[in-house]
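Listed here are the chains, written in short residue letters.
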Amino acid sequence: MAAAYVFLHSNGWQLKSSQAEAVDAVLGLAAGEIDEPGFSNRMKNKSVIF
């Protein structure tokens, strides 16, 4: 998850979700419950430009 935060921040974005939501997204991706495009969409929907 830290890599996602660093990537977003380096590109002028900030993740606006609870820690629990972020962890659920990563665990869902790892378990195959969410595919990569789905994970990407979650990150886009929960991020804002700063």
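A short tour of the structure in this document, coming up. Predicted, not measured: the structure shown is a model, and the values here were computed from it.

Before going further, it helps to spend a moment on the layout of surface pockets. Approximately 210 Å³ is the volume found for the largest pocket. The wall of the largest pocket is formed by Ala4, Phe7, Leu8, Asn11, Trp13, Phe39, Ser40, Met43, Lys44 and Ser47. Breaking the lining of the largest pocket down by element, the ones donating at least two residues are helix H1 (2-10) and helix H3 (36-45). In terms of residues, the lining of the largest pocket owes the most to one element, H3, which gives four residues. Tallied by class, the residues present in the lining of the largest pocket amount to six nonpolar, three polar and one charged.

Calculation rules
- Within each chain, residues carry numbers counting from 1 in the order of the written sequence.
- At least 70 in pLDDT is required for a residue's local features to be given in this predicted model, at least 80 for side-chain atom pairs to be given and counted, and no such filter applies to totals for whole chains, interfaces and linings, which use all residues.
- Hydrogens and water are ignored here; the side-chain numbers use all heavy atoms of the structure.
- Grid points spaced at 1 Å over the protein atoms alone were grouped into cavities, where a 1.4 Å probe fits but cannot get out, and pockets, open sets with protein on both sides within 12 Å along at least five of seven lines, with lining residues defined by an atom within 4 Å of a point.
- Grid points are joined across faces, edges and corners, and a volume is the space filled by probe spheres set on the points.
- Strands are runs of DSSP state E lasting at least two residues, helices are runs of H or I lasting at least four, and both sets are numbered from the N terminus onward.
- In this classification, the charged set is Asp, Glu, Lys and Arg, the nonpolar set is Ala, Val, Leu, Ile, Met, Phe, Trp, Tyr, Cys and Pro, and all remaining amino acids, among them Gly, are polar.

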